[in-house]
Amino acid sequence: MRADANVELDAGTKTFASGLLPDLIAVLRRSRKGDLVAVTSGDPGIGPELEAWCRFTRNSLVDTAVEEGRTRWVLRYGEAPESGIGEGRPVGSRLWLYTNFDCNLSCDYCCVRSSPKVPRRALGIERVRRIAIEAAELGVNEIFVTGGEPFMLPDIGEIIAACAAAAPTTVLTNGMLFAGRRLETLRSLPRERVTLQISLDSPTPKRHESHRGKGTWARTWKGIERARAEGFRVRLAATVSTDAEAKEFRGFLDTHHISEENRVIRRIALRGSATQGIALARADLVPEVTITAEGVFWHPVGAEDDDLLVSRDIFPLAESFSAVRRAFDREYDHQRRLARIFNCA
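A brief report on the enclosed structure follows. Model, not experiment: these values are computed from the prediction.

Observations concerning the overall build of the chain
Alright, step 1. Counting its regular elements, the chain contains nine helices and 13 strands.
Alright, step 2. Relative to its length of 345 residues, the chain is compact, with a C-alpha radius of gyration of 21 Å against a globular reference of 20 Å.
Alright, step 3. Put simply, the chain has 345 residues, and 51% of those count as buried.
Alright, step 4. Within the chain, contacts between residues separated by at least 24 positions form 68% of all contacts whose residues are at least 6 apart in sequence.
Alright, step 5. Accessible surface for the chain amounts to roughly 16500 Å². Of this, 51% is attributable to carbon and sulfur atoms.
Alright, step 6. For the chain, the separation between the mean place of its 49 positive charges and that of its 47 negative charges on side chains is 3 Å.

Now the structure itself:
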């Protein structure tokens, strides 16, 4: 999908040595922090210079595409808002598994474009069992099972049980499928090892349903109540567009006495199905090892995007973890070198 930009800059034949830099600076002076600026050129050679300049200036290169023989780079002006989440956590202490990509909903901001119409692309119970065994040997502290909607899978009970045997496991779900055989599956899971993280985007139906579909708020709330009644720890997760929406949702959680450790409030990421949100590059994200049927990714927010792909090979899991750590070390070694270049005294 072509990334939309607030400003389009046609570089023509200019390079950083022949006038592109003043044009870039002029564009940014007219822009606001968070705006996306697209630079188009017939010279792909300016790409490495543009990437280096972004690192120097703490902007982020978030997308690159070739269109009709010309390259279009999209950069975000300014650093991504800090979440404070993940900093200081050892790489590899948490493991994310995309068990599938099909879903009973078609959320308009889904970072991996899940819907009822997409192929399942299941990770599969055999791979999950091997991942769980090797994850335990590597000292993984937490496993997160996500999708798609994991409860679409007929063998999700076995998958969650295998993960929970290796480490405490959180299942990300919309909470709408807890009935019939799926309710029996839920009841079979070990409460002391499994947390349900259920998505609820607003205190009232209107905004939640504008993203997720009519009638979804009430069904999700029913799922939350069902999960609690079955004795599960439930964490509520909201995806919001603004600070005002986040503040409103915090008030709602306070009213319902939801503790801090059982709430997640995050901004929409400009990936997947989203047409607005925060544009994120790999350099913005502390790595969280993420595995799908297609390979190993840097972070769950871009688990089908080539710029976050680390390796197509899942096994041995130790090598997958090492590949992420090596990429992380390269990323920050480059930043340290840039910092030394700018050392003025």
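What follows picks up the thread again.
Looking at the environment of Ser-199
Alright, step 1. Its location among the elements puts Ser-199 in strand β8 (residues 194–199).
Alright, step 2. Separated by 65 residues in the primary sequence, Ser-199 and Val-264 place their C-alpha atoms 9.2 Å from one another.
Alright, step 3. Sequence-distant contacts of Ser-199, defined by excluding residues within four places in its chain, comprise Thr-173, His-208, Arg-212, Thr-220, Ala-237 and Arg-266.

Focus on the pattern of salt bridges
Alright, step 1. On inspection of all chains with the given rule, the structure shows 27 salt bridges.
Alright, step 2. Between Arg-212 and Asp-201 there is a salt bridge, with the nearest N and O atoms lying 2.9 Å from each other. Here the residue Arg-212 occupies a position in helix α6 (residues 205–212), and Asp-201 occupies one in the loop between β8 and α6, the gap between them amounting to eleven residues.
Alright, step 3. You can call Arg-212 buried: its relative accessible area is 9%.
Alright, step 4. A salt bridge links Arg-271 to Asp-307; the nearest nitrogen and oxygen atoms lie 2.7 Å apart. Of this pair, Arg-271 sits in the loop between β10 (263–267) and β11 (290–292) while Asp-307 sits in the loop between β12 (295–297) and β13 (309–311), and the two are 36 residues apart along the sequence.
Alright, step 5. Exposure remark for Arg-271: the relative accessible area of 7% places this residue in the buried category.
Alright, step 6. Connected via shared salt-bridge partners are Arg-113, Arg-121, Arg-271, Glu-294, Glu-304, Asp-305 and Asp-307.

Considerations on the sheet that holds strand β4 (residues 70–76)
Backbone-to-backbone hydrogen bonds pair the strands of a sheet. The strands run either parallel or antiparallel.
Alright, step 1. Strand order in this open sheet of four strands is β1-β2-β4-β3, and the pairing throughout is mixed. With partners counted over all chains shown, the strands left at the sheet margins are β1 (7–12) and β3 (60–67), one partner each. Averaged over all pairs of adjacent strands, the angle between strand axes in this sheet comes to 20 degrees, irrespective of strand direction.
Alright, step 2. Along the sheet face, helix α1 (residues 20–29) touches β1, β2 (36–41) and β4 and points at about 170 degrees away from the line of β1.

Considering the state of the cysteines
Alright, step 1. For the coordinates displayed, the defined rule picks out zero disulfides.
Alright, step 2. Sulfur of Cys-103: no disulfide; nearest cysteine sulfur belongs to Cys-107 and is 6.0 Å away.
Alright, step 3. Between Cys-163, a free cysteine, and Cys-103, which holds the nearest cysteine sulfur, the sulfur-to-sulfur gap is 18 Å.

Focus on empty space enclosed by the protein
Alright, step 1. For the coordinates displayed, the defined rule picks out one cavity of 30 Å³ or more.
Alright, step 2. By volume, the largest cavity is sized at about 50 Å³.
Alright, step 3. In this structure, the largest cavity is lined by eleven residues; those nearest its centre are Arg-89, Pro-90, Gly-92, Pro-287 and Glu-288.
Alright, step 4. Of the residues assigned to the lining of the largest cavity, the class counts are five nonpolar, three polar and three charged.

Brief notes about unusual backbone geometry
Alright, step 1. Backbone torsion omega between Phe-315 and Pro-316 reads -5 degrees, so that peptide bond is classified as cis.
Alright, step 2. Within the secondary structure, Pro-316 is located in the loop between β13 and α9 (317–341).
Alright, step 3. We note that Arg-58 has phi near 60 degrees; this positive angle belongs to a residue other than glycine.
Alright, step 4. Here Arg-58 is to be found in the loop between α2 (46–57) and β3.

Some words on the pairing of strand β9 (residues 233–240)
Alright, step 1. Extensive coverage of β9 is indicated by the burial of seven of its eight residues.
Alright, step 2. Across five bridges, the pairing between β8 and β9 is parallel. Note on β9: the bridge partner recorded for Ile-198 is Leu-236.
Alright, step 3. Inspection of the sheet shows β9 paired to β10 by five bridges, in the parallel sense. Of the residues in β10, the one forming a bridge with Thr-239 is Arg-266.
Alright, step 4. For the segment spanning β9, helix α8 (residues 243–255) and β10, crossover handedness is right-handed.

Cut-off values and rules
Residues numbered from 1 in each chain as written. Predicted model: local features only at pLDDT ≥ 70, side-chain atom pairs only at ≥ 80, totals over all residues. Heavy atoms only, no water. Helix = DSSP H or I, 4+ residues; strand = E, 2+ residues; numbered from the N terminus. Rg over C-alpha atoms; globule rule 2.2 N^0.38 Å. Buried < 20%, exposed > 50% of the residue type's maximum accessible area, 1.4 Å probe, protein only. Contact = heavy atoms within 4.5 Å. Areas by Shrake-Rupley, 256 points an atom, 1.4 Å probe, with all protein chains shown as cover. Lys, Arg positive; Asp, Glu negative; His and termini not counted. Charge placed at Lys NZ, Arg CZ, Asp CG, Glu CD. Salt bridge = Lys/Arg side-chain N within 4 Å of Asp/Glu carboxyl O. Pairing = 2+ DSSP bridges. Axes fitted to C-alpha atoms, helices over the stretch in contact; angles between N-to-C directions. Disulfide = S-S within 2.5 Å. 1 Å grid on protein atoms, 1.4 Å probe; cavity = no way out; pocket = protein on both sides within 12 Å on 5 of 7 lines; lining within 4 Å. Points joined across faces, edges and corners; volume = space filled by probe spheres on them. Nonpolar A, V, L, I, M, F, W, Y, C, P; charged D, E, K, R; others polar. Right-handed = clockwise from strand over helix to strand, strands pointing away.

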